[in-house]
Amino acid sequence: MNKTIVAIVIAIIAILAVVFGFKNYGVSDEKGDIISIQGRDFLLSEHDDIRIAFRYPIENPEYIILEADDELSEKTLVLMRKTDYDDFIESGDIPREGPPVITISAFTRDGSESALGWAERNDMVSNYGLRQGLLEDVEIGGETGIGYATDGLYAGRTSVVVSGPFAYLFTVGYLSFDDGFLTDFEDVLKTVSFQENSAL
């Protein structure tokens, strides 16, 4: 019980750090190629430094990418709906909860470490200790890993896979199953590649 309380407190502190750090993030203005997926335009985003590429929606709704100033990961990318970002910036210095977001983080790992092993060892960032329900097998970018539900400030989903020197952590928070965040998260994960892939 005490471990759960400590984990929840740590998770809340981490969320607040992200929320109050948003204004220090750099908004991506990248220009990439666009394709239509199920009637929506998705923009290609490539990050050679962490060996990942993916697409994200730029309409219905439009997302933007922010890069977190995160000392724990090699890089953390935050996908936020443009309307939520505008509202957040317009709120100025008024303390408030940040909106639900999709995050993609890469962490250096031990070369022999599995997705499950990494998640268990890095519980403070993976929130593995806060998982709800059954552990699921997932496949992202041709790599197998684990997926699980979490519960904290927002309900959420987390997926972890390993590829090359990195462990990749994918997360999403949502207010309800009908708000579209979970669907957007799943759509983004379907486009992930861990190698150069001109078909993206």
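1. Structural notes on the side chain of D84
Among the structural elements, D84 can be located in helix α2 (residues 82-90). Here D84 occupies a buried position and makes no salt bridge, while the nearest side chain of opposite charge, R81, is found at 5.2 Å. Those residues within four positions of D84 in sequence are excluded, and the remaining contacts are P99, P100 and F181.

2. Remarks on the confidence of the model for the protein
Averaged over every residue, the pLDDT of the protein is 83; residues scoring 70 or more account for 82%. Within the protein, no element has a lower average pLDDT than helix α1 (residues 2-21), which sits at 40, and none a higher one than strand β7 (residues 102-108), at 97. Contacts of residues 1-29 to residues separated by more than four positions or lying in other chains number 33 contacts, the stretch itself having pLDDT below 50.

3. Details of helix α5 (residues 181-189)
Extensive coverage of α5 is indicated by the burial of seven of its nine residues. Residues of α5 that are buried include every one of F181, L182, D184, F185, D187, V188 and L189, and no others.

4. A few points about α2
All buried positions along α2 are accounted for by D84, Y85 and F88. End-on, the buried residues of α2 take up no more than an arc of 100°, which puts them together on one face. Seen from the open side of α2, the exposed residues pointing more than 90 degrees away from its buried face are T83 and E90. Positive backbone phi, approximately 65°, marks G92, located one or two places after α2.

5. Topic: the packing of aromatic side chains
Inspection of the entire model under this criterion finds six aromatic pairs. For the ring pair F54 and Y56, a centre distance of 6.5 Å and an interplane angle of 55° mean the geometry is tilted. Aromatic side chains Y128 and Y148 sit 5.5 Å apart centroid to centroid with 90° between the ring planes, which places their arrangement in the edge-to-face category. Of this pair, Y128 sits in the loop between α4 (123-126) and β8 (131-140) while Y148 sits in strand β9 (residues 143-151), placing them 20 residues apart in sequence. No difference in accessibility class separates Y128 from Y148, as the two residues are buried. One aromatic cluster in this structure is built from F166, Y168 and F194. Against the face of F181 rests R81, its NZ or CZ located 3.7 Å from the ring centre.

6. Remarks on the side chain of S45
Relative to the elements of secondary structure, S45 occurs in strand β3 (residues 40-47). A polar atom in the side chain of S45 sits 2.7 Å from the side chain of H47.

7. Considerations on the sheet that holds strand β4 (residues 52-57)
Pairing in this open sheet of three strands is antiparallel, and the strands run β2-β3-β4 from one edge to the other. Of all the strands in the sheet, the pair left with one neighbour each is β2 (34-37) and β4. Between one strand axis and the next, the sheet turns through 35° on average, direction left out of account. With six bridges connecting them, β3 and β4 associate as antiparallel partners. Residue pairing for β4: L43 is matched across the bridge by Y56. Sheet strands in contact with α5 are β3 and β4, and its direction is about 145° off that of β4.

Conventions used here
Residues numbered from 1 in each chain as written. Predicted model: local features only at pLDDT ≥ 70, side-chain atom pairs only at ≥ 80, totals over all residues. Heavy atoms only, no water. Helix = DSSP H or I, 4+ residues; strand = E, 2+ residues; numbered from the N terminus. Buried < 20%, exposed > 50% of the residue type's maximum accessible area, 1.4 Å probe, protein only. Lys, Arg positive; Asp, Glu negative; His and termini not counted. Salt bridge = Lys/Arg side-chain N within 4 Å of Asp/Glu carboxyl O. Contact = heavy atoms within 4.5 Å. pLDDT = per-residue confidence, 0-100. Arc of directions from axis to C-beta. Phe/Tyr/Trp six-rings, centres within 6.5 Å; stacked < 30°, edge-to-face > 60°. Lys NZ or Arg CZ within 6 Å of the ring centre and 35° of its normal. Polar contact = N/O pair within 3.5 Å; in protein donor to acceptor, adjacent residues only side chain to side chain. Pairing = 2+ DSSP bridges. Axes fitted to C-alpha atoms, helices over the stretch in contact; angles between N-to-C directions.

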